[in-house]
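# Analysis of the macromolecular model
For reference, the chains in residue letters:
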Amino acid sequence: NAGVTQTPKFRILKIGQSMTLQCTQDMNHNYMYWYRQDPGMGLKLIYYSVGAGITDKGEVPNGYNVSRSTTEDFPLRLELAAPSQTSVYFCASSYSGLNNEKLFFGSGTQLSVL
Amino acid sequence: QKEVEQNSGPLSVPEGAIASLNCTYSDRGSQSFFWYRQYSGKSPELIMFIYSNGDKEDGRFTAQLNKASQYVSLLIRDSQPSDSATYLCAVQGGFQKLVFGTGTRLLVSP
């Protein structure tokens, strides 16, 4: 059981480039999330999805887009990368999104925009 | 005022001691409280959650919640060097409103 898998693990982008961070889970979880973590800061929610075809903005959505065509996959798209998007990105999932529920995190993607 | 506040540390304790990690939150309507452990360069992993006032124990870990004081803490008994990590407090205030603190770095010296 792989859990939540993120690719790539590391990436360097030039300003203005675009890329997609991939996330897939094999636990049949309905809820999926994208967080970013800046040094010395807490995790900030970028986007989340409550099921295939349904996505919504989190706390810091500007500069990002998501899609959820299947239960398993939740890619994060960066358009026109900016230095402010240098961060560690974590994908996470949970079964129902209810209170007291554990988030399962992927291993993270370290992104640098230069 | 930050929604979830933690002292960034580092909190240094000797092996075998009790480590006490604290977290305060601003939203009085918060319902559930989580402690995640994050080793350097790794992803967070859940170690405890609590939603009722009082103490909840799981092995060497005890979570304490005081909603009147808007305070949640994590005690780690018999601290081990392997407990050295950053501990993130997360507070759930409503649907999809899970707010993380900045974390407290714990160092356990042999």
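Going by the structure above, here's the rest.
In this text, all values refer to a predicted model and were calculated from it rather than measured experimentally.

## Remarks on the layout of surface pockets
- If you add up the space inside the largest pocket, you get close to 690 Å³.
- Along the wall of the largest pocket there are 33 residues; nearest its centre are Gln37(A), Gln38(B), Tyr39(B), Ser40(B) and Gly41(B).
- Elements with a contribution of two residues or more to the lining of the largest pocket: strand S9 (87–94) and strand S11 (109–113) of chain A together with strand S9 (85–94) and strand S11 (104–109) of chain B.

## Some thoughts on the sheet that holds strand S3 (residues 19–25) of chain A
Residues and elements named next belong to chain A.
- Sheet architecture is open: four strands sit in the order S1-S3-S8-S7, paired in antiparallel fashion. The open sheet has two edge strands with one neighbour each: strand S1 (4–7) and strand S7 (64–66). The sheet shows a mean angle of 20° between the axes of neighbouring strands, taken without regard to direction.
- Bridge count between S3 and strand S8 (residues 76–78): three bridges; the pairing is antiparallel. Across the sheet, residue Thr20 finds its bridge partner in S8, namely Arg77.

## Concerning the environment of Thr86(A)
Residues and elements named next belong to chain A.
- As for its position among the elements, Thr86 is in the loop between S8 and S9.
- Considering only alpha carbons, one finds Thr86 and Ser112, 26 residues apart in sequence, at a separation of 4.6 Å.
- Those residues in contact with Thr86 that sit more than four places away from it in its chain are Arg36, Asp38, Leu111, Ser112 and Val113.
- From its side chain, Thr86 meets the backbone nitrogen of Val113 in a polar contact 2.9 Å long.

## Some points on empty space enclosed by the protein
Residues and elements named next belong to chain B.
- For the coordinates displayed, the defined rule picks out two cavities of 30 Å³ or more.
- Taken as a whole, the second largest cavity encloses approximately 50 Å³ of empty space.
- Every residue lining the second largest cavity is listed: Glu3, Val4, Tyr25, Ser26, Asp27, Ser30, Val91, Gly93, Lys97 and Val99.
- Those elements that place two or more of their residues in the lining of the second largest cavity are S9 and strand S10 (97–100).
- Tallied by class, the residues present in the lining of the second largest cavity amount to four nonpolar, three polar and three charged.

## Here's the deal with the state of the cysteines
- In the structure shown here, the tally under the stated rule is two disulfides over all chains.
- Across the disulfide from Cys23(A) sits Cys91(A); the S-S distance is 1.8 Å. Taking the torsion about the S-S bond as the criterion, the Cys23(A) to Cys91(A) disulfide, at about -70°, is left-handed. A residue pair is termed long-range when its members are at least 10 positions apart, and Cys23(A) in strand S3 and Cys91(A) in strand S9 qualify at 68 residues.
- The buried category is assigned to Cys23(A), whose relative accessible area is 3%.
- Covalently, Cys23(B) is tied to Cys89(B) through a disulfide, its sulfur atoms 2.1 Å apart. Disulfide Cys23(B)-Cys89(B): the torsion about the S-S bond is -75°, which places it as left-handed. Placement of Cys23(B) in strand S3 (residues 19–25) and of Cys89(B) in strand S9 is noted, with a sequence separation of 66 residues between them. Per residue, the accessibility class of Cys23(B) equals that of Cys89(B), and both read buried.

Analysis parameters
- Residues numbered from 1 in each chain as written.
- Chains lettered and ligands numbered in written order.
- Predicted model: local features only at pLDDT ≥ 70, side-chain atom pairs only at ≥ 80, totals over all residues.
- Heavy atoms only, no water.
- 1 Å grid on protein atoms, 1.4 Å probe; cavity = no way out; pocket = protein on both sides within 12 Å on 5 of 7 lines; lining within 4 Å.
- Points joined across faces, edges and corners; volume = space filled by probe spheres on them.
- Helix = DSSP H or I, 4+ residues; strand = E, 2+ residues; numbered from the N terminus.
- Pairing = 2+ DSSP bridges.
- Axes fitted to C-alpha atoms, helices over the stretch in contact; angles between N-to-C directions.
- Contact = heavy atoms within 4.5 Å.
- Polar contact = N/O pair within 3.5 Å; in protein donor to acceptor, adjacent residues only side chain to side chain.
- Nonpolar A, V, L, I, M, F, W, Y, C, P; charged D, E, K, R; others polar.
- Disulfide = S-S within 2.5 Å.
- Buried < 20%, exposed > 50% of the residue type's maximum accessible area, 1.4 Å probe, protein only.

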